[in-house]
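The chain contents come next:
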Amino acid sequence: MVEVTDRLIFVRYLDHVAFNRNLAFAMKPQVREAVGWLVYECEQYVTLTWDRDAEPPTLKGGDPKASGLVLLKSDILEMKKID
């Protein structure tokens, strides 16, 4: 387990697609991209935030209003540090 904070990253990943009243065999995962701060990384997944408090949070344990993604590493096509 590796915990990382304040490292800005770019990630390209496969995302699930929900569909309704469409040709099922024509559907496939979409390639998406995101930029954010790497909050957590382990063997199975990474957590990144793209919106967070600029000041220390008022609650212990992190920013209760952060927004971001939890991505399975098996779905990540590319991940690199942004300098």
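No experiment lies behind these values; they were computed from the predicted model shown.

Rules used throughout
- Residues numbered from 1 in each chain as written.
- Predicted model: local features only at pLDDT ≥ 70, side-chain atom pairs only at ≥ 80, totals over all residues.
- Heavy atoms only, no water.
- Helix = DSSP H or I, 4+ residues; strand = E, 2+ residues; numbered from the N terminus.
- Contact = heavy atoms within 4.5 Å.
- Areas by Shrake-Rupley, 256 points an atom, 1.4 Å probe, with all protein chains shown as cover.
- Phe/Tyr/Trp six-rings, centres within 6.5 Å; stacked < 30°, edge-to-face > 60°.
- Lys NZ or Arg CZ within 6 Å of the ring centre and 35° of its normal.
- Salt bridge = Lys/Arg side-chain N within 4 Å of Asp/Glu carboxyl O.
- Buried < 20%, exposed > 50% of the residue type's maximum accessible area, 1.4 Å probe, protein only.
- Core = buried A, V, L, I, M, F, W, Y, C linked by side-chain atoms within 4.5 Å.
- pLDDT = per-residue confidence, 0-100.

## Considerations on the overall build of the protein chain
Broken down by element type, the protein chain carries zero helices and five strands. Counted over contacts in the protein chain with a minimum sequence separation of 6, partners at least 24 positions apart contribute 55%. As displayed, the protein chain has an accessible area near 6,600 Å², and 52% of this comes from carbon and sulfur atoms.

## Here's the deal with the packing of aromatic side chains
Tallied over the entire structure, the rule returns one aromatic pair. For the pair Tyr40 and Tyr45, a centre-to-centre distance of 5.6 Å together with 40° between the ring planes defines the contact as tilted. For the cation-ring pair, Arg52 lies above Trp37, with the distance from its terminal atom to the ring centre recorded as 3.9 Å.

## Some words on the pattern of salt bridges
One pass over the structure, following the stated rule, counts six salt bridges. One salt bridge connects Lys65 with Asp53, and the closest N-O pair in it is separated by 3.6 Å. With Lys65 in the loop between strand S3 (45-51) and strand S4 (67-72) and Asp53 in the loop between S3 and S4, the pair connects residues that are 12 residues apart, well separated along the chain. Where Glu78 meets Lys80, a salt bridge forms, and the shortest distance between an N and an O atom there is 3.6 Å. A residue is classified by how much of its surface remains accessible, and Glu78, at 28% relative accessible area, is partly exposed. A single salt-bridge network, built from bridges that share partners, covers Arg12, Glu33, Glu78 and Lys80.

## Structural notes on the side chain of Thr47
Structurally, Thr47 is set in strand S3. Here Thr47 falls in the buried class, since its relative accessible area comes to 19%.

## Things to note about the nonpolar core
Core analysis: the largest hydrophobic core is formed by 10 residues, namely Ile9, Val11, Tyr13, Ala34, Leu38, Val46, Leu48, Leu69, Leu71 and Ile76. Mapped by element, the contributors of at least two residues to this core are strand S1 (2-15), strand S2 (30-41), S3 and S4. Per-element accounting of this core gives the leading share, three residues, to S1.

## Some words on the environment of Asp15
As for its position among the elements, Asp15 is in strand S1. Residue class for Asp15 comes out partly exposed when judged on its relative accessible area of 28%.

## Considerations on the confidence of the model for the protein chain
Across the protein chain, the average pLDDT comes to 88, with 87% of residues at or above 70. Between the elements of the protein chain, mean pLDDT differs from a low of 84, seen in S1, to a high of 97, seen in strand S5 (residues 76-81).

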